[in-house]
Each structure stands twice: as structure tokens, then as C-alpha cells.
Amino acid sequence: MLYDPGVWLFGLAVALFLAGVLGVVLSTRRVLPEEAVNLPGLITDPGAERQLVQLEAEVERLRAERDELQSVLGRLASLLERRHPQLAAARRAHLVTTGDDGERRAGGS
């Protein structure tokens, strides 16, 4: 009976299933506050939660500022193209033919 491959395969399947269940249970269990002190990498400071909220608010503020600056830059570019259409067409033609966007100027680094 121990030489039967079916028994070994069934045992291996059961062992892998139990290992998977144990892994899910251990990875999803909640850590008690008194255990959290001994674990590195966990935030146990109550002030850290407040700082995290402040940082998230700062990120949102910076994203809004970035979006506003991008819209202003877009409006400025469209105004310049309307004001000097020949320059805009020449610049687009130069960019298409050479791939140079004009960022590097003579004498610059």
C-alpha cells in the first residue's frame, strides 16, 4: 500500500492544501496591540496615523497644484500659437524633422 503512487499523490495534495490554508490564516490574522510592539515595521504610534493623514492631504494639494499649473501652461501655449502661428508651425516642422525640441541651447550645459 505504501508503494502505491496514488496514496503518495493524495497525501501530497492534502499536505499542499493544508499548507495553503495555514498560509492564508497566518497572513490574514490581526496582530494584537501588545504583540505589535515586538514586530518591526508596524506603526504602533498613534501620532503616526495623524501624520499619515497630513501627508495624504499634502499629496492631494500638490496634485491639484500640478494640474492647475499644467492647465495654465496649456493655455499659455495655445495663446502663443495663436499670436505667432508661423513660429508655431516652424517649430513643429523643426521638431518633426530633427527630433530636437530646442531644450538645449548654444552655450548651455
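Residues numbered from 1 in each chain as written. Predicted model: local features only at pLDDT ≥ 70, side-chain atom pairs only at ≥ 80, totals over all residues. Heavy atoms only, no water.

**Some details on the overall build of the protein chain**
As a reminder, the rule being used: Helical segments are the DSSP runs of H or I of at least four residues, strand segments are the runs of E of at least two, and each set is numbered from the N terminus. Burial classes follow relative accessibility: with a 1.4 Å probe on protein chains only, a residue under 20% of its type's maximum area counts as buried, one over 50% as exposed, and anything between as partly exposed. Methods summary: accessible areas were calculated by the Shrake-Rupley approach with a probe of 1.4 Å, and residue burial reflects only the protein chains presented.
In terms of regular secondary structure, the protein chain is built from 4 helices and 0 strands. Put simply, the protein chain runs from its N terminus to its C terminus through helices and strands in the order α-α-α-α. Looking at the 109 residues of the protein chain, the share that counts as buried comes to 5%. Accessible surface computed for the protein chain: about 10200 Å², of which carbon and sulfur atoms make up 64%.

**As for the pattern of salt bridges**
Rules: We define a salt bridge as a side-chain nitrogen of Lys or Arg found within 4 Å of a carboxyl oxygen belonging to Asp or Glu.
The final tally for this structure, using the stated rule, is 4 salt bridges. Two residues, Glu65 and Arg61, come together in a salt bridge whose shortest N-O distance is 3.0 Å. Residue Glu65 and its partner Arg61 are located together in helix 3 (residues 46-83), separated by 4 residues, close to a single helical turn. The partly exposed category is assigned to Glu65, whose relative accessible area is 38%. Within the structure, one salt-bridge network assembled from shared partners comprises Glu58, Arg61 and Glu65.

**Digging into the confidence of the model for the protein chain**
As a reminder, the rule being used: pLDDT expresses, on a scale from 0 to 100, how confident the predictor is about each individual residue.
Considering every residue of the protein chain, the mean pLDDT works out to 80; 72% of them sit at 70 or more. Looking at the elements of the protein chain, mean pLDDT is at its lowest for helix 2 (residues 33-36), recorded as 66, and at its highest for helix 1 (residues 5-28), recorded as 94.

**Thoughts on a nonpolar patch on the surface**
To keep things clear, this is the line we draw: In this scheme, patches are assembled from residues that exceed 30% relative accessible area and form no salt bridge. Like charges are connected within 9 Å, while nonpolar side chains (Val, Leu, Ile, Met, Phe, Trp, Tyr) are connected within 5 Å.
Together, Phe10, Val14, Phe17, Leu18, Val21 and Val25 make up a nonpolar patch on the protein surface, roughly 590 Å² of accessible area in all. Within the secondary structure layout, Val25 lies in helix 1. Val25 gets classed as partly exposed once you look at its relative accessible area, which sits at 47%.

**Overview of helix 1**
Short version of the rule: Residue count minus one, scaled by 1.5 Å, sets the expected span of a helix.
Along its 24 residues, helix 1 runs 35 Å from first to last C-alpha, staying within 8% of the 34 Å computed at 1.5 Å per residue. Of all the 24 residues making up helix 1, 0 are buried; the element is thus mostly uncovered.

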